[in-house]
Protein chains: 2
Amino acid sequence: MRIQIDKSIKTPLYKQIAEQIQSQIISGEIPDGFQFPSERQLADTLGVNRTTVLNAYKELKADGLLTSHVGRGTIAVKEAAPAVRKTDSRKEPMWEYLFSDYLKNRDTFDVNKYLEMANQKDVISFAAGIASFENPPIQAFKGMEQDLLSNPKGLLVSPVAGFSSLRKVMASYMQKRSCFCHPSEIMIVSGAQEGIDLAARAFVNPGDIVLIEEPSFFPAIQSFRAMGARLMAVPMENDGMDMKILEQLLIRYHPKLIYTMPTYHNPCGVCMSTAKRIRLLELAGKYAIPILEDDPYSELSFEGQTTAPLKTMDKNGNVIYLSSFSKTIYPGLRLGWICADKKLIHHFSSIRQLVDLHSCCISQQIVERFIVNGEMEKYVEFIRREYRERRDMMVDALKQYAPLGLSFTIPDGGYYLWCRLPDGLSADLLASQAAKNGVAILPGMPAYLTKQKGESYIRLNFTFPPKDKIVYGIKILCDVIKKLLMAHQEDEPWNDNEINPIL
Amino acid sequence: MRIQIDKSIKTPLYKQIAEQIQSQIISGEIPDGFQFPSERQLADTLGVNRTTVLNAYKELKADGLLTSHVGRGTIAVKEAAPAVRKTDSRKEPMWEYLFSDYLKNRDTFDVNKYLEMANQKDVISFAAGIASFENPPIQAFKGMEQDLLSNPKGLLVSPVAGFSSLRKVMASYMQKRSCFCHPSEIMIVSGAQEGIDLAARAFVNPGDIVLIEEPSFFPAIQSFRAMGARLMAVPMENDGMDMKILEQLLIRYHPKLIYTMPTYHNPCGVCMSTAKRIRLLELAGKYAIPILEDDPYSELSFEGQTTAPLKTMDKNGNVIYLSSFSKTIYPGLRLGWICADKKLIHHFSSIRQLVDLHSCCISQQIVERFIVNGEMEKYVEFIRREYRERRDMMVDALKQYAPLGLSFTIPDGGYYLWCRLPDGLSADLLASQAAKNGVAILPGMPAYLTKQKGESYIRLNFTFPPKDKIVYGIKILCDVIKKLLMAHQEDEPWNDNEINPIL
């Protein structure tokens, strides 16, 4: 094997090496089975980087001219050479043409744009839906290592629906939410989102109708749309969805599923009234429609009273209840649960054997211990006070700095304030201008089926931003709003509502 | 409030309590807003179990007659009563009628039956595909608690494709498999199964053709079938799939995807030859078809040489590579990875925002440290020796005890021996008879598209059963086989291949 490299020419060094080896293998100068020097040896010999040799070898392997075996090193493969050389007819797959309707059906609204704004350095983010990082649940982790090491076998594998000990604990936990269920009606999942996904897969055929509050939780809209559902909006009122419209839609369209977040709704913070809860169950019963109740926030109540889930009043088993530890402990655990009819838990489990099999064993063990030793309850009590304080800080700051025309809800719990912008102000423009000034927000559009309906709304999260930045961030945001309003008033066109002929 | 209970009558106590409270609320005797005693108080007063009172209150809540508020206790709600009383028209949803094709499309073969046999107490299980619990990777867990507590913020949330530090580590890790990729081509997933699911969702429309080796990995068959794929079998030979049939299927049916497990195939233990690997890539290139390469076992090589993945030779970017830590560390971590074109990683991530969002942060942290501190390499080296020893034990035991007519492969790596049963013996019958004698096996049927083709095969796992039970378990299994063979020979019907008219 002879290799000469020339640093003065343009061809990259690794390519020079690869080409010379290649021609010598094909010519037979380097025999089949020839043992190559290690990357380090050859690099030292040629006076080049080890990476250069690695890349040369990589190229040759891709051509099928080299092969590596532990213990035998790198070897020339003559026989393979001819077959690989005919590269003319080969091409990269045209991916776009191969993608499924599932991938294409998804709501194409680019929410990632706003999430990226929120992730920029030194940005005060009101855009996320994440727990505070200033108050980590360290009690949840203390002692875990000893637990793991004393019983590592327990970490090997979990049943699909979760460890039965944790399912028992969750059945008792549900009693605190006035829900009485058997452990067989509990399934541990990797976050409430996985519950939405399982339900979407279990029920939705392309073209099926799913009813959803408008506004609603964006990823739920995406999940159902991806499965090919035809979504229909039930408008939100101050006390939950409009029951008259719900009933008309039930009569006319025979939907497959009703998706609702009845308590501390994301994004609009509303709690469904008891009267509407009763009516919703009554209608679901009458038309025999499952309700998917998404309840990640009900424990985070600020006014000294908790609202029991719909599931509590569910006599007929219509309700598939979802909840999560992401908002009360940490999303990084990837842990939530479903409470539903035993038959459904069985079907969801059989689907899940094809997804992530089961939730992380360590997370399950951590959460079980955190609940059983009573530390979870203390922690939730603590963050409830903490988040209430943050909500009040944000509300006070908005009262002080917001311009006339900006209105907002004051939620009794949860993570968000929902603001209606002054007339004529676009949430998208505000989001980009605010980001330039170091504040991230989430515009209302993704939460709506008809995106433009959300253009006058923004969602403000008060749990994630550093506490000492909330007031400052709101002041910046309000300044941006005021500036945009002034600019808007100056150049407001007189004919912005006219419709032009399409030519 | 007056409650009298009568233990002599048939009506359950909780119902007696609920009915009396109900009638008193409706009559107005118990006023709206009435503060009920706590469950414990009422239970003590009436001399019943607390659960009895809990159930009575539950019933009343379901009727909307009671409501609970933390701090305010349990309260009567008069107003709601009339609305709820009309229960005649309500009914449970007819679930079967509501289920999606996704749920119905799944392969209905009941593999859980065999897994349940394996989970019974005191059964020696050769049926599972699970790591040994006798040699836990305890080094992976040591020091983790300190890590977590010193940086709990790192556990809050992870990017969808995984922590970028771990993606970098995995890009280097892939170099050991002779694969050179950029961290942006890596996605951390919750096990290789999630990778199959993401690919199925990204590519498969109902009716699309997917090519799959026969036999193949059962959950992969299920995943594609659930998405509505039409699966076509490429028969396995001793050196991988039949390339002539593959090409004919490519020409005739224009499939969307080829699924393959080229190294230490599950279930049949085969390694695809270098010549076939080159041919496969060439064909995939020519017809521009993506290859889903499932590679959970390649690190578990027993003969001192590792086989580089297909991905190593993938010049055109056809290969979507999947691997997992479930077989080398522990499945309970729920951690695997995809290596593929950056564009695909982006699309897979956008789908995954609707599934489990990201993998457990703690697992990611554990695995990253385990690799970086060099302990992972030592551990894999250890279990490689361990599993080789177990394979040899099983092979020797089979050689000693198996009856004439039972043949099997001796795999160079991985988890399984694939056995062909003596003629006329049914794997299903063997599985149930073996289970009765305390040994669990997996019959071949689930691994085939046409189930009856698998009836002469069984898969034997040598990693999970306790080491000192392998020989004993094989002896029992062989005894059962011999007995069934004798019974079979005695009552073999002379006309079992005749086809009768359908009347």
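Residues numbered from 1 in each chain as written. Chains lettered and ligands numbered in written order. Predicted model: local features only at pLDDT ≥ 70, side-chain atom pairs only at ≥ 80, totals over all residues. Heavy atoms only, no water.

## Regarding the overall build of chain A
Move 1: Of the regular secondary structure elements, chain A holds 18 helices and 17 strands.
Move 2: Whereas a compact globule of 503 residues would reach a radius of gyration of roughly 23 Å, chain A reaches 29 Å, over 25% beyond that.
Move 3: Here chain A holds 503 residues, and 60% of them are scored as buried.
Move 4: Sequence-distant contacts, at least 24 apart, represent 71% of the contacts inside chain A between residues at least 6 apart.
Move 5: When the accessible area of chain A is evaluated, it comes to approximately 20,400 Å², of which 51% is carbon and sulfur surface.
Move 6: Where the 59 positive side-chain charges of chain A centre and where its 58 negative ones centre are 4 Å apart. (Helix = DSSP H or I, 4+ residues; strand = E, 2+ residues; numbered from the N terminus. Rg over C-alpha atoms; globule rule 2.2 N^0.38 Å. Buried < 20%, exposed > 50% of the residue type's maximum accessible area, 1.4 Å probe, protein only. Contact = heavy atoms within 4.5 Å. Areas by Shrake-Rupley, 256 points an atom, 1.4 Å probe, with all protein chains shown as cover. Lys, Arg positive; Asp, Glu negative; His and termini not counted. Charge placed at Lys NZ, Arg CZ, Asp CG, Glu CD.)

## Focus: the sheet that holds strand β6 (residues 209-214) of chain A
Residues and elements named next belong to chain A.
Move 1: Spatially, eight strands are ordered β5-β12-β11-β10-β9-β6-β7-β8 in an open sheet, and the strand pairing comes out mixed. With partners counted over all chains shown, the strands left at the sheet margins are β5 (186-189) and β8 (240-241), one partner each.
Move 2: Two strands pair when backbone bridges link them, and strand β11 (residues 319-324) and strand β12 (residues 336-339) are joined in this way by four bridges, in the antiparallel orientation. Residue pairing for β12: serine 324 is matched across the bridge by glycine 336.
Move 3: Along the sheet, helix α11 (residues 218-226) makes contact with β6, β7 (230-237), β9 (257-260) and β10 (291-294), crossing β6 at roughly 165°. (Pairing = 2+ DSSP bridges. Axes fitted to C-alpha atoms, helices over the stretch in contact; angles between N-to-C directions.)

## Regarding the environment of glutamate 299 of chain A
All names here are of chain A.
Move 1: With respect to the secondary-structure elements, glutamate 299 resides in the loop between β10 and β11.
Move 2: Between the alpha carbons of glutamate 299 and aspartate 479 there is a distance of 34 Å; along the sequence they are 180 residues apart.
Move 3: Those residues in contact with glutamate 299 that sit more than four places away from it in its chain are Tyr173, Arg177, Thr328, Val380 and Arg384.
Move 4: Within the structure, the side chain of glutamate 299 is placed 2.5 Å from the side chain of arginine 177, a separation counted as a polar contact. (Polar contact = N/O pair within 3.5 Å; in protein donor to acceptor, adjacent residues only side chain to side chain.)

## As for the sheet that holds strand β2 (residues 66-69) of chain A
Residue and element names in this part refer to chain A.
Move 1: Ordered by their spatial adjacency, three strands build an open sheet running β1-β3-β2, and the pairing between neighbours is antiparallel. Each edge of the open sheet is held by one strand with a lone partner, namely β1 (35-36) and β2.
Move 2: Together, β1, β2 and β3 (73-76) form the strand contacts of helix α3 (residues 50-62), whose direction differs from that of β2 by roughly 110°.

## A word on the nonpolar core
Move 1: Counting 312 residues, the largest nonpolar core has Phe224 of chain A together with Phe224 and Ile362 of chain B as its most contacted members.
Move 2: Here phenylalanine 224 of chain A is in contact with Ile196, Ala200, Val204, Val210, Ile212, Ala229, Leu231, Leu257, Tyr259 and Leu292 of chain A, once residues within four sequence places are set aside. (Core = buried A, V, L, I, M, F, W, Y, C linked by side-chain atoms within 4.5 Å.)

## What about the packing of aromatic side chains?
Centre-to-centre distance and the angle between the planes together describe a pair of aromatic rings.
Move 1: Overall, the coordinates contain 34 aromatic pairs over all chains when judged by the stated rule.
Move 2: Judged by centre distance (5.5 Å) and plane angle (65°), the ring pair of phenylalanine 133 of chain B and phenylalanine 464 of chain B falls under edge-to-face. Of this pair, phenylalanine 133 of chain B sits in the loop between β4 (124-125) and α8 (138-141) while phenylalanine 464 of chain B sits in the loop between β17 (457-461) and α19 (470-490); the two residues are 331 residues apart in sequence, bridging distant segments of the chain.
Move 3: By way of ring pairs, the aromatic residues Tyr297, Tyr387, Tyr415 and Tyr416 of chain A are connected into one cluster.
Move 4: Sitting over the ring of phenylalanine 133 of chain B, lysine 153 of chain A keeps its end group 4.4 Å from the ring centre. (Phe/Tyr/Trp six-rings, centres within 6.5 Å; stacked < 30°, edge-to-face > 60°. Lys NZ or Arg CZ within 6 Å of the ring centre and 35° of its normal.)

## So, the relation of the copies chain B and chain A
Move 1: Under the fitted operation, chain B is carried onto chain A by 0.0 Å of movement along the axis and a turn of 180°, and the coordinates agree to an RMSD of 0.1 Å. What the rotation and shift describe, once combined, is the action of a two-fold rotation axis. Residue glutamate 145 of chain B of chain B places its C-alpha closer to the rotation axis than any other residue of that unit, at 2.8 Å.
Move 2: Most of the interface of chain B is mirrored in chain A, where 99% of its interface residues again form contacts. (Least-squares fit on C-alpha atoms with pLDDT ≥ 70 in both.)

## A look at the interface of chain B and chain A
Move 1: Counting from both sides, the interface comprises 111 residues of chain B and, opposite them, 111 residues of chain A.
Move 2: For the pairing of chain B and chain A, the buried interface totals around 9,900 Å² over both sides, and the portion due to carbon and sulfur atoms is 62%.
Move 3: Summed over the shared surface of chain B and chain A, the number is four salt bridges.
Move 4: Its salt-bridge partner being arginine 201 of chain B, residue aspartate 197 of chain A comes within 2.8 Å of it at the nearest N-O pair.
Move 5: Classifying every residue of the side of chain B that touches chain A gives 54 nonpolar, 32 polar and 25 charged. (Buried area = accessible area lost by both parts, 1.4 Å probe. Salt bridge = Lys/Arg side-chain N within 4 Å of Asp/Glu carboxyl O. Nonpolar A, V, L, I, M, F, W, Y, C, P; charged D, E, K, R; others polar.)

## Looking at the packing of helix α17 (residues 375-401) of chain B against α19 of chain B
All names here are of chain B.
Move 1: Closest axis-to-axis distance for the α17/α19 pair is 9 Å, and the angle between their directions is 30°. By crossing handedness, the relation of α17 to α19 is classed as right-handed. Across from Arg390, Met393, Met394, Ala397, Leu398 and Tyr401 in α17, the residues of α19 making contact are Ile470, Val471, Ile474, Lys475, Cys478 and Lys482.
Move 2: Grouping the amino acids of the contact of α17 with α19 by side-chain chemistry returns nine nonpolar, no polar and three charged. (Left-handed = near helix turned anticlockwise from the far one by under 90°.)

## Quick look at helix α9 (residues 164-176) of chain A
Residue and element names in this part refer to chain A.
Move 1: With 13 residues, α9 extends 19 Å from end C-alpha to end C-alpha; this agrees with the ideal 18 Å at 1.5 Å per step.
Move 2: Residues of α9 that are buried: Leu166, Arg167, Val169, Met170, Ala171, Tyr173 and Met174.
Move 3: Among the structural elements, β5, β11, β12, α14 (342-352), α15 (361-372) and α16 (375-401) are those in contact with the buried residues of α9.
Move 4: One or two steps after α9, the chain reaches serine 178, where phi turns positive at roughly 60°. (Expected span 1.5 Å × (residues − 1).)

## Notes on helix α7 (residues 112-119) of chain B
Residues and elements named next belong to chain B.
Move 1: Looking only at α7, the buried set comprises Tyr114, Met117 and Ala118. Seen along its axis, α7 keeps its buried residues to an arc of 100°; they face one direction. When the buried face of α7 is taken as reference, the exposed residues oriented beyond 90 degrees from it are Glu116 and Asn119.
Move 2: On its buried face, α7 sits against β4, α18 (427-436), β15 (439-440) and β16 (442-443). (Arc of directions from axis to C-beta.)

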